[in-house]
Structures are given as C-alpha cells and as structure tokens.
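# Breakdown of the fold
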Amino acid sequence: MLLKYLITQGGNNFTLKKEFRKKVIALVLFGGFFLPIGFLILKSFFYGTDSLNYILENLLFEYSINTLKLILITCIFSIIFGVFPAWYVSNYKFFGRSIIDLLLLLPLAVPTYIMAFSYSEILSFTGPFKITVDLIQPEILGILLSFSLFPYIYSASRISFSLLGDRYQEISKNLGINKTKYFFTVVIPLSKPALFSGLFLVIMEVLNEYGAVKYFGVNTYTIGIFRAWNSMNDTGAAIQLSSILLFIVSFLFFLEKSFNKNKRFSSAKNSSVKKLMKTKILQKILIYIFCLTPIIFAFIIPVGFNLVNLIDDFQSIEFLNLLRLTINSISVSLFTSIFVVLISILFLYGERQSKSRLYYYINEFISLGYSIPGAVVALSIIIFFTSIDSNLAKISILGGFLVYLFMLIYAYIIRFMAVGKTTLKAGFDKLPYSYDNTAKVLGLSDFNFFKKVLFPLNKLPLLSASILVFIDIMKELPITLILRPFNFDTLATQTFEFAIDEMIPKSAIYSLSIILICSLLLVLFKKLLDRLHVSGD
C-alpha cells in the first residue's frame, strides 16, 4: 500500500510539474507578445508635449469624426454587398452559383489601398470617363473600402445562413410569413452573432487603414499617428494617439465578445439540411444584380484597370526589381505564417491538455492582437526596442538589417496571431476529448499524441490558417512602412510609393502581383473549406 501511495504521489508530482512548466511557457510567450503593447501604454502616462496639445485641441475632433464617418459608410455598404448575396447563394439554385460563391471572396485579394488608388484614377478627370466633379471624398472612400472588406461579412453570413436548416422556413410558411418578412424577422436575428463578428472585422480594418486614407487626404487616427511620428517628430504625441486608438479598439473588442458571449445557435437539432430553392426569371435577374454588382465593382474593374495600365506601361517594367520584391514579400509572409501557426499550436495544445483557465484568458488576449491597428503595433515595437537600446550602455542592438527584420516579423506575429489561432481552434475543437483520454491510456506522450493524432486530423485547418496569415501579411502596409529594414521593400510598399508619387500606371504590375498571389491562395482556401465542410472535420 505504501509503495502504491508513493508511486501515485510521484505521478501526481510529475503531472503538477509538467502542468506548471506548460503554464510558465505560455506566460513567457504571452509576455513576449504583449510586453511592447504594455510598455507603450505605460509610456503614455509620462508624456505631455506641445504637439500633443495641438493635436488634442485642433485635430482630435476631426480624426474622430472622419474615422466614425468612414466606419459607418463602410459598414453599411459592406452589409449590403455581403448579406444579400450570401442569402441568395445559400438558399437559391441558379446557373453559376458555385463560381459566384468563389468570386464573392476574391475582393479580399484586392488590398484597400489598391482599390482606392485604382478608383481615384478611374473617377478623375484624367480617367476614362473624364469626370469633372471631385469624387475624392470620404464618402466615396467609405464605399471603396467596403468593396475590399465586404467578403468578411459575406463569408460569416454565408456560413450562418447555410446552417439554419429548413425548419424555421417551414414554420414561417405555416404562420403565413412571406419570404421577405421571414428574412428580416427570423434569419437576420438568428444570424446576429455572425453578422456582428463580420462587422467587427470590417471596423478593425477601417481603423487599421493607412494607404487609402493617406491618398484620399482623409485625416483619421492612423494618419495622426504617422503625422506625429514622422512630420512632427514627436514621439510623445504618437504614443498618446496610439493609446487612445488602443483604448477604442479594446472597447470594441470586448463589446463584441460580450454581445456574442451568450448567443449561440445550433443547427444540429430540429433542422434538416435545406434544399436549394428554384428560381423564376424575375428572381434570377434580382439574384444576378445583387451577386454580380459587388464582383464587377470590387474585383473585375480594379483588376481590369490595372491590366490596362500594365499593358500600356509594359516596356518600362523592371522585372528584376519585381522579382526581388516578390521574393521579399513571399519569404517574409511565408516565414511569419509558419511561426504564427507553430505558436498557435503551442497555445491551443496547451489549452487542450490543461484544465487551467490561464490558457483561456491568454487566448482571449491573443485575439485582441488582430484588433490593434498596425501603426500602433509597429510604434510599440519601435518604442520598446529603442528604450532597451538606450538603456544598454555597452551594447547597441539597433542598426542592423537582421534586427529590423526581426522587429518586422515580431510585429506581424503580434498583429496576425489571432488569425492563425482562430482558424486552428475551429479544427481542434471538433475533435472529441475521448481521443486525449485514449492516448493517455495507451501511454502516448504529449508530443506523440500531437504527431500521431492531432496533426494528421488537422492538416487542412493548419494549411488554411497558414494561407490566411500569408494573405494578410502580403497586403499589410502600415507595419511594413514603419518597420521595414533599410533597402527592404515589398510589393505593398512599392505599390504605395508609386501611387503616392502619382505614378499609378507604374504601380500596376506590383498591384497585380499582390492580387494574383492572394487570389490563387483564396481559391485554394475555398477548396480546403469545401473539403472540410464535406468531410465534416
């Protein structure tokens, strides 16, 4: 009995030590992620400058109004372009439905700044329509931003509408509710969590936007941070503005979490898979109008415009420079996406194996990372490393290419960790915990359990997470502009620099390269998503 007791206690002590080690690793990684952000917030309490006072008294109201206006316009048009096509694709049978479903995702491959650059030229007096009215206005910019961002709402709505089943529709028919009333009084309320999640992503992207608002001359919080940092050369003002923006996004993040906390919809019970409804001629016309309008304006026109510019400017293309920038963009995106996926696995696997609430809170805070605008993340990294460098008398860590490249990748990881983690978590959560218990009975170690069970069953979510992170990094502009090493440009920065210098035709080849790479990856992602749906993973 004594021997059995000692063995049991020894096993418990080993388990406790193992659990403690996991928690320490998780806390160290978490601290590494958010130490720069916390340092930025701390520094904001110790700055008070003339530039900051000038911004607060003269520009903060303008920043707030412009940002709010952009958010409202972008959200309204994103809902129109996202919700109605999602409803038709999810419920009606019509020619080209599967192709339209794919094409409605492809505007995500067109970065907001490329959308803005393209349409600013198209809508100008020198464009193809010779428009004399000044359309370079915040209201127009809001619509253009929605062209690039509505797929967030489309994809969320598409999934939600597909899971509703046919029982609600049958009950509505029996109650004499027509299709229009059924959509607005039943479908939309049931889909609120998905719609708010999509809207949250749209709002975060608007707050993060720099290239488009810079080109249109719209003063937002992100513009204010760049202005304070570059033009005014005032670190304190930039830190204070970053802290204000950080507070706003944190409030929106926790508001979204609070709204969706107790709202869950399950299609598993009392619902059968609904059959696609047949359409009449008038219905088909309406469906094609709603579905093709965003495809034409958000993808075909900007791509076609850049193709025309590419053909006109083909002789002056520097193909060696294009190759160099493409390699830079792909390498940094690929390297970072692999790191993001590996770290996400570590966190999620630790959460799965541990019963501690620590992992839950850490994962929630990691989700906040995507909400933080790129300019804030980049500034926090610079301030953090500059402070370390200034306090080390004998060691200078800043100045080298590899150091700035590390800082760039570090910022990407903080910003896009939530993208990889969320995609992977969906795959991990679908696997029953009986697998874990069986592995323990068979004596499998944590590593072997992951290697032989979790990894094979989550190959598609792993690849999907890598693709989404890769696409986001390929399009990212504010972080890259601030943190890129000397003489290290990407396709995104080169596109921006040509556009700002009013050389839109020269930016076409770089714009199209981004769109092509991201489009191919989105097609692959859609195929993986369909396979996951069919296989039930």
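Residues numbered from 1 in each chain as written. Predicted model: local features only at pLDDT ≥ 70, side-chain atom pairs only at ≥ 80, totals over all residues. Heavy atoms only, no water.

## Some remarks on the environment of Ala-194
Heads up, the rule is: Per the convention used, a helix needs a DSSP run of H or I reaching at least four residues, while a strand needs a run of E reaching at least two, with both numbered from the N terminus. Note on definitions: a residue-residue contact is assigned when non-hydrogen atoms from the two residues lie within 4.5 Å.
Relative to the helices and strands, Ala-194 is located in helix H8 (residues 192-208). Between the C-alpha atom of Ala-194 and that of Ser-160, which follows or precedes it by 34 residues, the distance is 6.5 Å. Filtering out sequence-adjacent residues up to four positions away, Ala-194 remains in contact with Ala-156 and Ser-160.

## Let's talk about the packing of helix H13 (residues 319-353) against helix H18 (residues 446-457)
Operational definition: Helix axes are fitted only over the stretch in contact, all axes being lines through C-alpha atoms; the angle between N-to-C directions runs from 0 to 180 degrees. Angle categories: roughly parallel below 35 degrees, roughly antiparallel above 145, roughly perpendicular from 65 to 115, and oblique for all the rest. Charged residues are taken to be Asp, Glu, Lys and Arg, nonpolar residues to be Ala, Val, Leu, Ile, Met, Phe, Trp, Tyr, Cys and Pro, and polar residues to be all remaining types, Gly included.
The geometry of H13 relative to H18 is characterised by a closest axis approach of 12 Å and an angle of 105° between their N-to-C directions. Between H13 and H18, the crossing angle belongs to the class labelled roughly perpendicular. Between H13, through Ile-345, Tyr-349, Arg-352 and Gln-353, and H18, the contact on the second element is made entirely by Asp-446, Phe-447, Phe-449, Phe-450 and Leu-454. Of the residues contributing to the contact of H13 with H18, the split by class is six nonpolar, one polar and two charged.

## Side note on the pattern of salt bridges
The line we're drawing: For this document, the term salt bridge refers to a Lys or Arg side-chain nitrogen within 4 Å of an Asp or Glu carboxyl oxygen. Here's how the labels work: a residue is buried when its accessible area is under 20% of the maximum for its type, exposed when over 50%, partly exposed in between, all with a 1.4 Å probe on protein chains only.
A full pass over the atoms with the stated rule returns five salt bridges. Ionic pairing is found between Lys-526 and Asp-101, a salt bridge with its closest N-O pair at 3.1 Å. Here Lys-526 is found in helix H22 (residues 504-535), whereas its partner Asp-101 is found in helix H3 (residues 97-103), with 425 residues between them in sequence. Assigned by exposure class, Lys-526 and Asp-101 land together as buried. Note that Arg-484 and Asp-489 form a salt bridge whose closest N and O atoms lie 2.3 Å from each other. Since its relative accessible area comes to 15%, Asp-489 is described here as buried. Linked through salt bridges whose partners overlap, the residues forming this network are Asp-101, Arg-158 and Lys-526.

## Quick look at the confidence of the model for the protein
Rules: Per residue, pLDDT measures the predictor's confidence, with a range of 0 to 100.
Looking at the protein as a whole, the pLDDT averages 82, with 89% of positions reaching at least 70. Per-residue pLDDT stays below 50 along residues 1-11; that stretch engages in zero contacts with residues further than four places along the chain or on separate chains.

## Structural notes on the nonpolar core
Operational definition: We define the nonpolar core as a collection of buried residues of types Ala, Val, Leu, Ile, Met, Phe, Trp, Tyr and Cys that are connected through side-chain atoms lying within 4.5 Å of one another.
Core analysis: the largest hydrophobic core is formed by 153 residues, its most contacted members being Leu-141 and Leu-483. When neighbours within four sequence positions are excluded, Leu-483 is seen to be in contact with Ala-378, Ile-381, Ile-382, Tyr-404, Met-407, Leu-408 and Ala-411. By size, the runner-up hydrophobic cluster in this structure holds 14 residues, among which are Leu-348, Tyr-349, Leu-431 and Leu-454.

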